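Residue-level listing of the chains:
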Amino acid sequence: MPRKPRGEKQTYVKSTLFDDVKKKTKPSLEIDTDQLLLFMRMKPTLEDTAAFFGTSHRTIERIIKRNWGLGFVQFREQHAVKTRYDLIRKALIESMKTPVNTQVLIFALKNLAGWSDKSIQEIKAELDLQSAPIINLGILKREPNQTDD
């Protein structure tokens, strides 16, 4: 480049080898949010969700964060509750049928009503606690001659 006469400012154009090459990015993936919500009812893992939608686990996490402001586990648990209640409802209906389906009834009592098989030691411990005397602590009262400081 020829030099300009003295007194005039010389300008330089910065160029690189990559000026003509456009940056390649992945096309944005659109996931049907209704389908994602339905899929969460099955309580899948993050890896299963990514495989189902054909993307990475990071993309699934970003989509959930962008649309709902939650992490994956919180989002999944929030939407799996419908499945749990449907199962509870069905178990209760099955356990009330005549003749009684004993296996379903036992399952429902253990998993839904908090029942469990207890050992003899656990039963004895509960009976001991129930038969223990109740200690009455009463109400603590202030003496009438005490003053507040």
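Let me sum up the structure you'll find in this document. As a convention, each chain's residues are numbered from 1 in the sequence order in which they are written. Where local features are concerned, this predicted model is filtered to residues with pLDDT of at least 70; where side-chain atom pairs are given and counted, the filter is 80 or more; whole-chain, interface and lining totals use all residues. By convention in this description, side-chain values take in all heavy atoms of the structure and omit both hydrogens and water.

Quick look at the nonpolar core now. Ranked by internal contacts, the top residues of the largest apolar core, which has 13 residues, are Leu36 and Ile60. Note on conventions: DSSP H or I runs of at least 4 residues are helices, E runs of at least 2 residues are strands, and numbering of each starts at the N terminus. Secondary structure elements with two or more residues in this core: helix H1 (33-40), helix H2 (46-53), helix H3 (57-68) and helix H4 (72-95). A contact between two residues is defined here by any heavy atoms of the two lying within 4.5 Å. With near-sequence residues (within four places) excluded, Leu36 lies in contact with Ile31, Thr49, Phe53, Ile64, Trp68 and Phe75. In plain words, nonpolar cores are sets of buried Ala, Val, Leu, Ile, Met, Phe, Trp, Tyr and Cys residues tied together by side-chain atoms within 4.5 Å. Burial classes follow relative accessibility: with a 1.4 Å probe on protein chains only, a residue under 20% of its type's maximum area counts as buried, one over 50% as exposed, and anything between as partly exposed.

This part is about the environment of Ile106. By secondary structure assignment, the location of Ile106 is in helix H5 (residues 102-111). Sequence spacing of Ile106 and Ser116 is 10 residues, and the spatial spacing of their C-alpha atoms is 9.2 Å.

We now examine the packing of aromatic side chains. In this scheme Phe, Tyr and Trp rings, the latter by its six-membered ring, pair at centre separations within 6.5 Å, and the angle between planes marks the pair as stacked below 30 degrees, edge-to-face above 60, and tilted otherwise. One pass over the structure, following the stated rule, counts 4 aromatic pairs. For the pair Phe39 and Phe53, a centre-to-centre distance of 5.9 Å together with 80° between the ring planes defines the contact as edge-to-face. Of this pair, Phe39 sits in helix H1 while Phe53 sits in helix H2, and the two are 14 residues apart along the sequence. Each of the two residues, Phe39 as well as Phe53, counts as buried.

With that settled, the discussion passes to the packing of H1 against H4. Axis separation between H1 and H4 bottoms out at 8 Å; the angle between their running directions is 75°. One finds that H1 runs roughly perpendicular with respect to H4. Side by side, H1 and H4 meet where Leu36, Leu37 and Met40 of the first sit next to Phe72, Phe75, Arg76, His79 and Ala80 of the second. A breakdown of the residues in the contact of H1 with H4 according to their chemical character gives 6 nonpolar, 1 polar and 1 charged. Axis lines are fitted to C-alpha atoms, over the contacting stretch for helices. Their N-to-C directions set the angle, which ranges from 0 to 180 degrees. Working definition: roughly parallel below 35 degrees, roughly antiparallel above 145 degrees, roughly perpendicular at 65 to 115 degrees, and oblique for all remaining angles. Throughout this entry, Asp, Glu, Lys and Arg are counted as charged residues, while Ala, Val, Leu, Ile, Met, Phe, Trp, Tyr, Cys and Pro are counted as nonpolar. The remaining residues, Gly among them, count as polar.

Glancing now at the side chain of Thr49. The residue Thr49 is located in helix H2 in this model. In contact with Thr49, not counting residues within four places along its chain, are Leu36, Phe39, Met40, Pro44, Ile60 and Phe72.

Along the chain, Gly54 falls in the loop between H2 and H3. A relative accessible area of 64% places Gly54 in the exposed class. It is 9.8 Å that separates the C-alpha atoms of Gly54 and Ile31, two residues lying 23 residues apart in sequence.

On to H4, then. Look at H4: 34 Å from first C-alpha to last across 24 residues, which is about the 34 Å you get at 1.5 Å a residue. Remark: the principal bend of H4, roughly 30°, maps to Ala80. Considering only its buried residues, H4 is in contact with H1, H2, H3 and H5. A helix is expected to span 1.5 Å multiplied by its residue count minus one. Note that bend, as reported per residue, equals the angle between axes fitted to the 7 residues terminating at that residue and the 7 residues originating from it.

For the rest of this paragraph, the subject is the packing of H1 against H2. At a closest axis distance of 12 Å, the pairing of H1 and H2 adopts a crossing angle of 140°. Two packed elements cross with a definite hand, and for H1 against H2 that hand is right-handed. Contacts between H1 and H2 involve Gln35, Leu36, Phe39 and Met40 on the former and, on the latter, Asp48, Thr49, Phe52 and Phe53. The residue inventory of the contact of H1 with H2, partitioned by class, reads 5 nonpolar, 2 polar and 1 charged. Handedness of each helix crossing follows the sense of rotation of the near helix against the far helix: counterclockwise by less than a right angle gives left-handed, clockwise gives right-handed.

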